[in-house]
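The chain contents come next:
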Amino acid sequence: MPPKPAGVASRFLMHQMMLATRLCKAGVLSRTNQEHWGLGMFDGMQKRVVSLWFPRLASDRVLRACPRDAPFALIVEKNNTVELYCLNQQAERQGLHRGMRHTDARIFCPDLQSSPADPQADQRFLHALARWARRYCPWVGLEGGDGLVMDITGVAHLFGGEAGMLVDIRRRLARAGLAVRIGLADTRGAAWALAHHGEGVASGEMLPHIGPLPVAALRLDAASCIALERLGLRTIADLAALPRAALTRRFGQDVLMRLDQALGDQPEQVSPLAEPPHYRVRLTLPEPIGLSDDVMAGTASLLERLCARLKANEAGARVLCLTLGRVDQASQQVELRLARPLRD
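All of the points below concern the structure found in this document. Because the structure is predicted, anything quoted here is derived from the model rather than measured. (Residues numbered from 1 in each chain as written. Predicted model: local features only at pLDDT ≥ 70, side-chain atom pairs only at ≥ 80, totals over all residues. Heavy atoms only, no water.)

1. So, helix 5 (residues 119-133)
And then number 1: Between its first and last C-alpha, helix 5 extends 21 Å over 15 residues, near the 21 Å set by a 1.5 Å rise per residue.
And then number 2: Within helix 5, burial applies to Ala121, Asp122, Phe125, Leu126, Leu129, Ala130 and Ala133.
And then number 3: In this structure, the buried residues of helix 5 make contact with helix 2 (57-65), strand 4 (81-87), strand 6 (140-142), strand 7 (147-151) and helix 6 (162-175). (Helix = DSSP H or I, 4+ residues; strand = E, 2+ residues; numbered from the N terminus. Expected span 1.5 Å × (residues − 1). Buried < 20%, exposed > 50% of the residue type's maximum accessible area, 1.4 Å probe, protein only. Contact = heavy atoms within 4.5 Å.)

Below is the structure:
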């Protein structure tokens, strides 16, 4: 008995096969802003940056899968003690805070429920949010361990303007059970400051908008903030009023750099996450085929070549997609998803 025709080609003969992978090992993207958008593409257009801060990213991630109507906190072991890592809003209303010892928290709030924290899972979730944010613009990067930064220059009109875009972002995240604080400004530093120290939108001159904010809004380390406050420099406006030479002598270049970045006197790029590389192999047949054995032989040949490429790049495939081209110019696809990256 002759072999049966392949199920995906029982009515049409195939003349081309292609196997591709995606969601493999991510590379490093080192392009500049101009290289990404095209040299001079946005000359004369004011840069606009959105900062998204998720103040309860870790707890929101856990509670999305297992909602709890009670004070809840994630805990982590640190310095031979168990501390609160991230809290939900109900726990914060009880006066609990990050870094508080778990035993003390239970005294203040006997109803507190807790679970071990998983920072790696939090980072995977943040990367997933970054991929989701690309629905608004292609230039999305991470901002620390609990935030995103988006360069929306020239794309806000696609969503009804900046106000419409921010409303849509907030609405979709709220529907997903995520608390978010949003800042929009001409510079990355100013957008971060607004998101973390008073949500808002700023355009034009940055100092009037962020001047009243504390010096911590400049993304300075804790030691620098304490030193500035001891000198009576509590706001960004106080810092900007100082002579630059005296500021540099006392605190070095870092404080001045952060101030200039926030005010737009020094450029700061948004470094996006790299797209996972796609690996693709193709087999063009001299004559159409329609038998199961022929299809399987062609697929085996493609897999052998694909696995060799993955091994050479020390990568593994999470998704395999087999595309079968037919003689009638149509095509059919078969997709296989794997639980973990493989190349065998």
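There is more to say, and it comes next.
2. Side note on the pattern of salt bridges
And then number 1: Taken as a whole and assessed by the stated rule, the structure comprises 15 salt bridges.
And then number 2: In this structure, arginine 48 engages aspartate 186 in a salt bridge whose closest nitrogen and oxygen atoms are separated by 2.4 Å. Separated by 138 residues along the polypeptide, arginine 48 in the loop between helix 1 (33-37) and strand 2 (49-53) and aspartate 186 in the loop between strand 8 (181-185) and helix 7 (188-196) bring together distant segments of the chain.
And then number 3: For arginine 48, a relative accessible area of 8% corresponds to the buried category. (Salt bridge = Lys/Arg side-chain N within 4 Å of Asp/Glu carboxyl O.)

3. Side note on the packing of helix 2 against helix 5
And then number 1: At a closest axis distance of 10 Å, the pairing of helix 2 and helix 5 adopts a crossing angle of 85 degrees. It follows that helix 2 is roughly perpendicular to helix 5 by the angle criterion. Where helix 2 approaches helix 5, its residues Leu57, Ala58, Arg61 and Arg64 are matched on the opposing element by Ala121, Asp122, Phe125, Leu126 and Leu129.
And then number 2: Taken together, the residues of the contact of helix 2 with helix 5 sort by class into 6 nonpolar, no polar and 3 charged. (Axes fitted to C-alpha atoms, helices over the stretch in contact; angles between N-to-C directions. Parallel < 35°, antiparallel > 145°, perpendicular 65-115°, else oblique. Nonpolar A, V, L, I, M, F, W, Y, C, P; charged D, E, K, R; others polar.)

4. Comments concerning the sheet that holds strand 5 (residues 113-116)
And then number 1: If you trace the 3 strands from one edge of the open sheet to the other, you get 4-3-5, paired in mixed fashion. Of all the strands in the sheet, just strand 4 and strand 5 have a single pairing partner and so form its edges. With direction set aside, neighbouring strand axes in the sheet form an average angle of 40 degrees.
And then number 2: Where strand 3 (residues 72-78) meets strand 4, 6 bridges bridge the pair, whose relative direction is antiparallel. When the sheet's bridge partners are listed, leucine 74 is paired in strand 4 with cysteine 86.
And then number 3: Across the sheet, helix 2 is in contact with strand 3 and strand 4; its angle to strand 3 comes to roughly 125 degrees. (Pairing = 2+ DSSP bridges.)

5. Considering the nonpolar core
And then number 1: In terms of nonpolar packing, the biggest core is built from 28 residues, with Ala185, Ile210, Leu213, Leu218, Leu228, Ile236 and Leu239 touching the most fellow members.
And then number 2: Setting aside chain neighbours within four positions, we find isoleucine 210 in contact with Ala190, Ala193, Leu194, Ile236, Ala262 and Leu263.
And then number 3: Phe54, Phe125, Leu173 and Leu184 belong to the second largest nonpolar core, which has 25 residues in total. (Core = buried A, V, L, I, M, F, W, Y, C linked by side-chain atoms within 4.5 Å.)

6. Quick notes on the sheet that holds strand 9 (residues 200-201)
And then number 1: Judged by pairing direction, the sheet is mixed, and its 5 strands sit side by side in the order 6-7-2-8-9 without closing on themselves. Each of the sheet's edge strands pairs with one partner strand only, and the pair in question is strand 6 and strand 9.
And then number 2: Against the sheet, helix 5 engages strand 6 and strand 7, with an angle of about 20 degrees to strand 7.
And then number 3: Here helix 7 sits on the sheet in contact with strand 2, strand 6, strand 7, strand 8 and strand 9, set at roughly 150 degrees to strand 8.

7. Quick notes on the packing of aromatic side chains
To describe a pair of aromatic rings, one takes the distance between the centres and the angle between the planes.
And then number 1: Per the stated rule, a full pass over the model turns up 2 aromatic pairs.
And then number 2: Seen from their ring centres, tryptophan 132 and tyrosine 136 are 5.6 Å apart, and the 75 degrees between their planes marks the pair as edge-to-face.
And then number 3: Overall, tryptophan 132 belongs to the partly exposed group, its relative accessible area being 25%.
And then number 4: With centroids separated by 5.1 Å and ring planes inclined at 50 degrees, the aromatic side chains of tyrosine 136 and phenylalanine 159 adopt a geometry described as tilted. In this pair, tyrosine 136 is assigned in the loop between helix 5 and strand 6 and phenylalanine 159 in the loop between strand 7 and helix 6, connecting sequence segments 23 residues apart.
And then number 5: Residue classification places phenylalanine 159 among the partly exposed residues on the basis of a relative accessible area of 26%. (Phe/Tyr/Trp six-rings, centres within 6.5 Å; stacked < 30°, edge-to-face > 60°.)

None of this, on its own, says anything about what the molecule does.
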